[in-house]
Amino acid sequence: MSADESPLAYRLITGPDDRTFCERISTALTEGYVLHGGPAVTFNGTNVICAQAIILPQAVATSDAAVATAVDALDAELEFDGEGIA
């Protein structure tokens, strides 16, 4: 990754179920990513192919905070005074 690129909040790492795949996941974990869900596996007729989603926790926290702020803003706009209920 070049100095002007920021890390992605979400990545999906795929590849044959081998040491190289595990090394890629291990490297991402040391970079601060965490596993997001379990791995998915399939068989392509020759090899087992794995997929593992990873996320940066701080990016998720920032996103969650933005969603919470947006929901609070919507709630404030939709304040209901209780009139009109039968």
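Quick summary incoming for the structure in this document. Keep in mind it's a predicted model, so treat the numbers as computed, not measured. (Residues numbered from 1 in each chain as written. Predicted model: local features only at pLDDT ≥ 70, side-chain atom pairs only at ≥ 80, totals over all residues. Heavy atoms only, no water.)

Along the protein, the regular secondary structure elements total two helices and four strands. Secondary structure elements of the protein occur, N-terminal to C-terminal, as β-α-β-β-β-α. Residue pairs in contact within the protein that sit at least 24 positions apart in sequence constitute 49% of those at least 6 positions apart. Surface exposure of the protein reaches about 6,500 Å², of which carbon and sulfur atoms provide 59%. (Helix = DSSP H or I, 4+ residues; strand = E, 2+ residues; numbered from the N terminus. Contact = heavy atoms within 4.5 Å. Areas by Shrake-Rupley, 256 points an atom, 1.4 Å probe, with all protein chains shown as cover.)

With that settled, the discussion passes to the pattern of salt bridges. Counting across every chain of the model gives two salt bridges. For Glu31, the salt bridge identified is with Arg11, shortest N-O distance 3.8 Å. With Glu31 in the loop between α1 (19–30) and β2 (34–35) and Arg11 in strand β1 (residues 10–16), the pair connects residues that are 20 residues apart, well separated along the chain. The partly exposed category is assigned to Glu31, whose relative accessible area is 48%. A relative accessible area of 26% places Arg11 in the partly exposed class. One salt bridge connects Arg19 with Glu23, and the closest N-O pair in it is separated by 2.9 Å. Of this pair, Arg19 and Glu23 both sit in helix α1, four residues apart, which is roughly one turn of the helix. Assessed through its relative accessible area of 66%, Arg19 is described here as exposed. For Glu23, a relative accessible area of 38% gives the class partly exposed. (Salt bridge = Lys/Arg side-chain N within 4 Å of Asp/Glu carboxyl O. Buried < 20%, exposed > 50% of the residue type's maximum accessible area, 1.4 Å probe, protein only.)

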